[in-house]
Amino acid sequence: MSKLVTAADAALKIKDGAVVAVNSSSGLCCPDAVLAALGARFAASGAPRDITAIHPIAAGDFFGTKGVDHIAQPGCLKRIIGGSYPSGPTKAEPPKIWQMIGREEVAAWNFPSGIIFDMLREGAGHRPGVLTKVGMDTFVDPAREGGAMNASARAEPIVRRETFDGDEWLYFPAIRPDVAIIRATTADERGNLTYESEGATLGAMEMALAAHNNGGIVIAQVRRVSANGSLRPHDVRVPGILVDMIVEAPDALQTTATPYDPAISGELIRPLASFEAMPFGVQKVIARRVAQELKRGWAVNIGFGVSANVPRIFLEEGAHGAVTWVIEQGAVGGVPLLDFKFGCAANAEAFVASPHQFTYFQAGGFDCSLLSFLEIGADGSVNVSRLAATPHRTAGAGGFVDITARAKRIVFSGTFSAGAKMAVENGRLAIHEEGKIAKVVPEVDQVSFSGRRAVMQGQEATYVTERCVMRLTAGGLVVTEIAPGLDVERDVLARADTPLKVADDLREMDAALFDPAPFGLVL
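Residues numbered from 1 in each chain as written. Predicted model: local features only at pLDDT ≥ 70, side-chain atom pairs only at ≥ 80, totals over all residues. Heavy atoms only, no water.

**Student:** Tell me about the pattern of salt bridges, and name the residues and values.
**Tutor:** Following the criterion strictly, the structure yields 28 salt bridges and no others. Where Glu-168 meets Arg-161, a salt bridge forms, and the shortest distance between an N and an O atom there is 3.0 Å. Using a relative accessible area of 36% as the deciding quantity, one classes Glu-168 as partly exposed. A salt bridge links Asp-445 to Arg-386, with the nearest nitrogen and oxygen atoms 3.0 Å apart. In this pair, Asp-445 is assigned in the loop between strand E30 (440-441) and helix H11 (451-457) and Arg-386 in the loop between strand E24 (382-383) and helix H10 (400-404), connecting sequence segments 59 residues apart. The structure contains a network of salt bridges with shared partners spanning Arg-289, Glu-293, Arg-471, Glu-481 and Arg-507. (Salt bridge = Lys/Arg side-chain N within 4 Å of Asp/Glu carboxyl O. Buried < 20%, exposed > 50% of the residue type's maximum accessible area, 1.4 Å probe, protein only. Helix = DSSP H or I, 4+ residues; strand = E, 2+ residues; numbered from the N terminus.)

**Student:** Mind laying out unusual backbone geometry, listing which residues take part and the relevant values?
**Tutor:** In this structure, Pro-48 follows Ala-47 across a cis peptide bond, with omega equal to 0°. With respect to the secondary-structure elements, Pro-48 resides in the loop between helix H2 (32-45) and strand E3 (51-55). Phi is positive for Asn-347, close to 60°, though the residue is something other than glycine. Residues other than glycine seldom take positive phi values, yet Asn-426 does so here, at roughly 55°.

**Student:** Explain empty space enclosed by the protein residue by residue, including any values.
**Tutor:** One pass over the full model with this rule turns up one cavity of 30 Å³ or more. If you add up the space inside the largest cavity, you get close to 100 Å³. The wall of the largest cavity is formed by 15 residues, among which Met-136, Thr-138, Thr-404, Ala-405 and Arg-453 lie closest to the centre. Every element with two or more residues in the lining of the largest cavity is listed here: H10 and H11. (1 Å grid on protein atoms, 1.4 Å probe; cavity = no way out; pocket = protein on both sides within 12 Å on 5 of 7 lines; lining within 4 Å. Points joined across faces, edges and corners; volume = space filled by probe spheres on them.)

**Student:** For helix H7 (residues 282-291), give the residues involved together with the corresponding values.
**Tutor:** Extensive coverage of H7 is indicated by the burial of nine of its ten residues. Of all the positions in H7, only Val-282, Lys-284, Val-285, Ile-286, Ala-287, Arg-288, Arg-289, Val-290 and Ala-291 are classed as buried.

**Student:** How would you sum up the pairing of strand E31 (residues 460-464)? Please name residues and give values.
**Tutor:** A regular strand places its side chains on the two faces of the sheet in alternate fashion. Taking burial as the measure, the five residues of E31 include four buried ones, the bulk of the element. Pairing analysis gives five bridges linking strand E25 (residues 409-413) to E31, with the strands arranged parallel. Bridge pairing in E31 places Ile-410 opposite Ala-461. In terms of strand pairing, E31 meets strand E32 (residues 468-473) through three bridges, oriented antiparallel. (Pairing = 2+ DSSP bridges.)

Structure representation (structure tokens):
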């Protein structure tokens, strides 16, 4: 019997109360046609009801791939566990899923992306769940928020603290999905799946195993179907023995707002000169100073924000290849991409499955991570996951908690305050108008990274802004560098909402950072 069905027929197989896992990262690998059919079925018939949706990384975006918003309908969704959620501009209308969360129409949790993949893996192996230190003393810890995003979720706690072998751990129960919805490039008639035109595989294999091994169904959306025997076995990332239905959707976007870019899937190697340089300004000064923290030969993770531009700094400085970039979606090496294509890399050396990449991160197997901040607390804690006034501006924690749990070195970057009007003029930072919102505060609104735990574990944490550099010590935050032309008391200490210490050997940031010419990166 053929496994090829329409998206509407596939949606009919999903029952009331089903646990539905979706493999996606914004638009990357998002099985949008199947999700659209599922949403249309509910809108027309009221079924299926009370779904629990599992999204290790966000499904959908603001820019052409609705993803989870197709099923964000009261009565259709009962619970959602997401590593991240669609995010976008402050002034944009929030996605339906965020509106449902705010109105308490769905119980919602934000767990670390890697941990959700681990929960699926444990479900696939019929094991009870995950014991981990990842998330200790962050918002995921039940001693704080337990990952709950609203009152409906707080009423149904999931994660708990457990003592095992004389030590305290966080326990996340296994996830046993009834349905896995995944996407690939090509399926043969038996359902063997290849990913030649995708920018990652994410957790397709792990998600398919979790559903199949628990008596569930696996729906694979693909661009095309080939004859049996036409696929090279080494290219198959999910075998057909795990796939129940194939849905053909040839017009799917490759990633957010991107119909197709062969460099994303490694089918084309781009000339280095084709990558656009970051325009000179305050943000570039920050990215340049971050680059100075790195050493030749390191494996370096990068996140969204200013730090995503650091690979372009390396290109400009003739240092491409001196470090290897690694991102949570699975790309190793190459040049991580920006904006709509973030989460993808051009000219990658390898594509690792996301669950394996997260295992690498969770154990601190890499050398350094470059990440952003929304707020920095007096104890060095960082909030990157929640803006209470406009929650849809942030995606949630994603892989941030996994990555920072045991990272040897972390460099956080961002502007010192929100809303300041600044420019780089004559080799100096000129502050024309101060921001009204301090980002260095007594206590962050949500603890995405625990400074207290970092000190206990001996992690190195550095905070790079346009006007100063700070280091985390056992005694708190210490200002170690200041931008040329600024006064540490007036422009730094007075602009923080919490006391900061100043290093005895306070020095100026490298003046060359504030000049448009290449600054001579030394590794």
